[in-house]
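# Structural overview
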Amino acid sequence: MNIPTQSPSTERPGRKGRGALLALGIVLAVLGSLLAADRALTYAYHPARGNPPDGVVILTTQWCGYCGALRQHLQANAIPYTERDTERSWAGYWGLYAVRARGVPVTAVGPEVILGFSPRIDAALTAAGYRLKVQPSLP
């Protein structure tokens, strides 16, 4: 008569560790994919990416009073700009995400990104070579 030396419920050594390693590998792969997607979106939609030194990109909404004041200020000084609406275009939405802004307007003058409607915008425009004739009026 053959007597088994191990009971059938006994598992081989190391088998439990493989499941934990597999779960850890899956979690790390998902986190790595999310990080890669975040980096790709930030790179692709950053408003200053590919912006020439005198280029102006603004991220706005239609209802924002400060956005309207910024538009009027740029138009009054004959400064060409590219506008991306954060509620009506993916480029605007992801651009806002790329700079981690919580509100609008966001202005990119060359490589510099300015959050809000502040005197820093005029300083950046002057540094980019624009001559400002009209001062901004706040809403």
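Structure first, text after, so check above.
These remarks concern the structure in this document. Because the structure is predicted, anything quoted here is derived from the model rather than measured.

### Quick look at the packing of aromatic side chains
Inspection of the entire model under this criterion finds four aromatic pairs. Judged by centre distance (6.4 Å) and plane angle (20 degrees), the rings of tryptophan 90 and tryptophan 94 are stacked. You can see tryptophan 90 and its partner tryptophan 94 sitting in helix H3 (residues 90-98), four residues apart, about one turn around the helix. Residue tryptophan 94 is classed as partly exposed on the basis of its relative accessible area, which comes to 22%. An angle of 85 degrees between the planes, with centres 5.5 Å apart, marks the rings of tryptophan 94 and tyrosine 97 as edge-to-face. Residue tryptophan 94 and its partner tyrosine 97 are both found in helix H3; the two are separated by three residues, about one turn of the helix. Members of the aromatic cluster, connected to one another through ring pairs, are Trp90, Tyr93, Trp94 and Tyr97. Between the NZ or CZ atom of arginine 100 and the centre of the ring of tyrosine 97, over which it lies, the distance is 4.6 Å.

### Describing the pattern of salt bridges
A complete count under the given rule lists three salt bridges for this structure. Across the salt bridge formed by arginine 100 and aspartate 38, the nearest N and O atoms sit 3.0 Å from each other. Residue arginine 100 is found in the loop between H3 and strand E3 (106-109), and its partner aspartate 38 is found in helix H1 (residues 15-45); the two are separated by 62 residues along the sequence. A relative accessible area of 46% means that arginine 100 is categorised as partly exposed. Judged by its relative accessible area of 16%, aspartate 38 falls in the buried class. The partner of arginine 120 in a salt bridge is glutamate 112, with the nearest N and O atoms 3.2 Å apart.

Calculation criteria
Residues numbered from 1 in each chain as written. Predicted model: local features only at pLDDT ≥ 70, side-chain atom pairs only at ≥ 80, totals over all residues. Heavy atoms only, no water. Phe/Tyr/Trp six-rings, centres within 6.5 Å; stacked < 30°, edge-to-face > 60°. Helix = DSSP H or I, 4+ residues; strand = E, 2+ residues; numbered from the N terminus. Buried < 20%, exposed > 50% of the residue type's maximum accessible area, 1.4 Å probe, protein only. Lys NZ or Arg CZ within 6 Å of the ring centre and 35° of its normal. Salt bridge = Lys/Arg side-chain N within 4 Å of Asp/Glu carboxyl O.

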